[in-house]
Each structure stands twice: as C-alpha cells, then as structure tokens.
Amino acid sequence: MQDWPLRVMRLVDHAEREHGEGEIVTAWADGSVTRTNWRAVAHDARRMAQALEALGCRKGDRIATLAMNHSRHLSSWYGAAGMGGVLHTINPRLFPDQLEYIANHAEDRVLLYDHAFAPLVEAMKPRWTTIERYICFDPPANGVGDTGFMEWIGEQDGDYAWVEGDERDPVGLCYTSGTTGNPKGVLYEHRSTMLHTLAEAAPDIFNLSKQSVVLPIVPMFHANAWGVPWAAPMMGCKLVLSADYRPDTMCRLFREEKVTHSAGVPTIWLTMIDYLERSGDKLSDLKQVTIGGSAAPRAMIRWFLEHGIEVGHAWGMTETSPIGTCGSRPLGWENYSIDEKVEYISRQGRVPFGVELRTVDEDGNALPRDGKSSGNLQCRGPWVIRRYFKAEEDATDEDQWFDTGDVACLHPDGTMQITDRAKDVIKSGGEWISSIELENAAVGFAGVAEAAAIGIAHPKWDERPLLVVVRQEGCDICPDALRSHLATKVAKWWLPDAIEFVDELPHTATGKLSKKMLRERFSAYRFADADARLEELRR
Ligand code: ADP
C-alpha cells in the first residue's frame, strides 16, 4: 500500500476537493454574520502559511491564538499546521500569571487574537518574552493597533505546498489548568489528531455526516473544540461558528442555520435551556447534543430527550484529545423507557475503538467491571498523552497507563460511570460520597439552577457534604423539601449536613464548576453542630 502520512492538512485538502462549496457560517461578536466555504479556508490557510514563512517561522514553531470561534480562527489552524507549525490555542479566560507562563513556556513566536482581547494582549505584551509578531483577526476600522489578519495574508498569492513530514510530528498544543503548580502542555501529533478525527465522526460518537450542520458551542481553545474543526472538513458538514455566547444569539443561529448537531459543557446547556424555557424559542432541527467536560445532570438529559433531541454524554480530558468515552446505544434502545434512557445516558458512555480503560485500587490492582467497585480511572491509546510538553518523564506507567485523576466504576454492560474527580470525593467515615451524584440529584429539584457539593472538615466523620445551591431566578426553595427530595435519590448517610444558598458559583476557565475556588470560599465554614460534636468526642 502507499505512503499517505496521517497529517491534518489532508483534511482541508479533502474538503477543498470534495466539499469546496461546503458552508462555514460565523456569527461575530459585533452581531454580523459572514459566510465562507472550505475552498476559501484552504486558500486563506495557504496564504497564512506563506505569511508565517515570510516572518521567518519554520517547522515546529509554536503559533498561538487567543480567540473565540470564527472562520478566520479556523483558517489560522490550518495555516499554522500547513506551515509545519504547532498550533497553540490559548484560553483567554486564564489568569494573567497563567497566560504569562504558558506563552513563555510554549515559546510562542506569533500570536493571533480577537480585537475583543486587545486590552488583555496589550497588558500581557511586556510579560510575553518570545512573541515577535501580533496579528489581530478583526482589527478596528480606524487602523489603530496590530496588523489585521486579512491584510497580513492579503500580501500572499496562495501558491504554496504544505510542509510535509512524519505523521508523528507535533501539530497542536493545549495547556490544562491543573489544580496544583503550573499548567501543563499537552502536545498533539498529526497522527493522534487524525486517528481521533476518524473515530469522532462515527455514529456512536459525534454522529457526523454530510447532512450535519454542526455548531460547536465548546470554544476552539478548549481541547480543540473537542475536535469538531478537524472532523467537519473530513465529513463535509456545514460548520456554524459563534464568537458570541449569548443564548439568544445562539438560539437564533440554531434556528436560522438549521443546526442539527452541537456540543458543549453542562453549564452552557443550563443557560440555553433556561433561555428556551423563558422565551418559548425552539431548536426544531437539532438532532443531537454532545455534553461533556463535566457530568451531564439527569434533569438536563431528560429535558433534551423530552424535546426529541438525542444526547451523547462524553467523558474526556485535554490529555485524551479529548474523547475518552461517548454514549453509544445498546441493542433494543427503542424499547427503553424514558427513565431507563436517562439512567443509561447519565453514565459517561462506552469506550470507542482506540481507547482502553481500566480502574485500579490504591495499590494499582485492576478492579472488576462489576458496576460496584470504584477506583482510579486509567486509560491508554494512540490519542492519549505519553509525556507533557518539555517534561523530563512520561506521564504514564511502564505499561503506558495514564492515570486520569478521576474516580470511576465500570459496569458489566461496558458503560463507564464517573464517581468524582479524585480530589473532589467527599470522604466520610472512611467511605466515599460522590459529589457528582449529590449535585445531579439536587439539580433535579424544581427551582435549583446549579448545585455543588463539597466536603467540609468534620470532627467525627473526617468530612461531611455541604451542598451549595444557586436558585433559579424568582424561585424560593425550602431546604427541608430539597433534603426530602435528595433522600429519595441517594443513600441516607450521603445527605448533606447543610445546604447553603448563594447567588452564583465559581467556574473555571473552561466553564466548569470550580470546586477548588468553592472550597477556598468555604474554607472557614463549620457545620452548626460541629463544635458540639467535638466537645462530645473530647468528653
Ligand atoms: P480542565 O479541568 O482544565 O477543564 P479538562 O477539560 O481536560 O481540563 O478536564 C478533564 C476532566 O473533566 C476529567 O478528568 C473529568 O474530571 C472531567 N470530565 C470530563 N467529562 C466529564 C463527564 N462527562 N462527566 C464527569 N466528569 C467529566
């Protein structure tokens, strides 16, 4: 057979040849909507590769972006990769210290950014030591500031052949926020990206085809928008990108562009559902949503199913490119009741070909797939990390198992269920309480907009759960009624010792609940009876 290195430029070549007119729609932050297609994206990518070379950039150089989802950002991915560069997508929601660290650690040479982030970029310029050139994707009309993207590539003719090389060459770099220490860089290869892309489009995963209109709500800086900008050109999907995250703009786009597939974290879907409920707006063409990044609450899964929308519940992490598992359906699915469907989908899905999963106990012994034993979740495969960027040692054990930091249980039917992140489990009297299950039960109660369970130090039990709740606007919640509801969903000893109401919960840079910040906020918190119990123990 022939040599055909699995390099990502094959994707845009294919799209240009086979789906040249395939539409890419962008809703910009200023409210305007533009349309382009794969032929134009390929042309822009070639011109950008030329422009990078004109700057002196070479194979292996890191090219950074600080941008929301839009067609120029998309072209820049292929432009950077086409020149043999490594595309470093930076999350603009990170703190300045993290932004400083990652761009310097990555040794980025060029940064392309959205005008909306210009103040951030200006503030960071003195701290970024390796960036030689700044390009603005959407410069203001008055010509002030850095060169505009279209002007920059406009100097080139597009007569360019992609840089070739080994399929194991790096093509992308994403930093994970990490809970302790500095962020860590995950370096994607052409090959790992291509294998991940081939898997992603399958019916049991994102279920993409030529008939799909896909709008990834997940940002392009969050684990490559979960691979959608690579998979869309492979399948010839119509791609809809939105740099504007307001739910009304999103819903209008869903309607006007007839979006069939979408993907995002639960927090964003909560906002969308809330908006749809209030406005009476409908997402009539939407066939499937993929929910991942943190556990999809049962109430959310039910809402989608009741509105005729399939739910793919995916688990993964930056280190797994990101797909680890996704919700394929068992045989006879059509005979499942809605309750059974919700229960099945609330687990994090099954393992696709290309990923191996196992759970182990504290001594590293593999646990049975019995639906009962919870342990540390480990994985391996061609799109799973081996070593962090510039690290001295592998991030895996000698058998290539990567420890995910999640606690999970594998069921006999092949589904995987995340119990918690290892650092978020609540340890009460030597046993574990799943914060995810508690939150899941709480969001199922009328009037609860969002909920988080954290462990609070307790003199007798080590830790006991505190439930922190955000009410839906205009709703009053009786804590006793909420507790009674929880009692029907979880074991009695899991019930929170206290429920606190807050106006909002802290979120991470990728839109997930930040347990770390919440724990900090409640670090001095004591249960009302804690002192009395301590006294009792002392006696
Ligand atoms: P960050 O923590 O910076 O957002 P990642 O996006 O890589 O970084 O997060 C990966 C983690 O997100 C996983 O290890 C897991 O704890 C959590 N996660 C992802 N998907 C799910 C899911 N479907 N259910 C529960 N947890 C999930």
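Residues numbered from 1 in each chain as written. Predicted model: local features only at pLDDT ≥ 70, side-chain atom pairs only at ≥ 80, totals over all residues. Heavy atoms only, no water.

Asker: Could you give me a rundown of the domain arrangement of the chain, with the residues and numbers involved?
Answerer: Domain boundaries assigned for the chain yield domain 1 (35-200), domain 2 (355-421) and domain 3 (425-538). Computed from C-alpha atoms alone, the centre-to-centre distance between domain 2 and domain 3 is 27 Å. Contact residues are listed per partner, giving seven residues for domain 2 and nine residues for domain 3. Roughly 580 Å² is buried in total at the junction of domain 2 and domain 3, and carbon and sulfur atoms are behind 52% of that figure. (Domains from an automatic or database assignment. Contact = heavy atoms within 4.5 Å. Buried area = accessible area lost by both parts, 1.4 Å probe.)

Asker: Please provide a residue-by-residue account of the site of the ligand, values included.
Answerer: Around the ligand there are 17 residues in total, and Ser177, Thr318, Asp406, Arg421 and Thr510 lie nearest to it. At 3.1 Å, a side-chain N or O of His222 approaches an oxygen atom of the ligand. Taking Ala314, its main chain carries an N or O atom lying 2.8 Å from a nitrogen atom of the ligand. Compared with its free state, where it exposes 580 Å², the ligand has 92% of that area covered by protein. For the shell around the ligand, the secondary structure elements donating two or more residues are β15 (315-316) and β20 (416-421). Classifying every residue of the shell around the ligand gives five nonpolar, nine polar and three charged. (Near = heavy atom within 4 Å. Polar contact = N/O pair within 3.5 Å; in protein donor to acceptor, adjacent residues only side chain to side chain. Areas by Shrake-Rupley, 256 points an atom, 1.4 Å probe, with all protein chains shown as cover. Helix = DSSP H or I, 4+ residues; strand = E, 2+ residues; numbered from the N terminus. Nonpolar A, V, L, I, M, F, W, Y, C, P; charged D, E, K, R; others polar.)

Asker: Which residues make up the sheet that holds strand β17 (residues 356-360), and what values do they have?
Answerer: Spatially, four strands are ordered β17-β18-β19-β20 in an open sheet, and the strand pairing comes out antiparallel. Only two strands of the sheet have a single partner each, and these edge strands are β17 and β20. Across the sheet, the mean angle separating the axes of adjacent strands is 45 degrees when strand polarity is ignored. As defined by bridge partners, strand β19 (residues 402-410) adjoins β20 across five bridges and the pair is classed as antiparallel. Paired with Leu410 across the bridge in β20 is Met416. (Pairing = 2+ DSSP bridges. Axes fitted to C-alpha atoms, helices over the stretch in contact; angles between N-to-C directions.)

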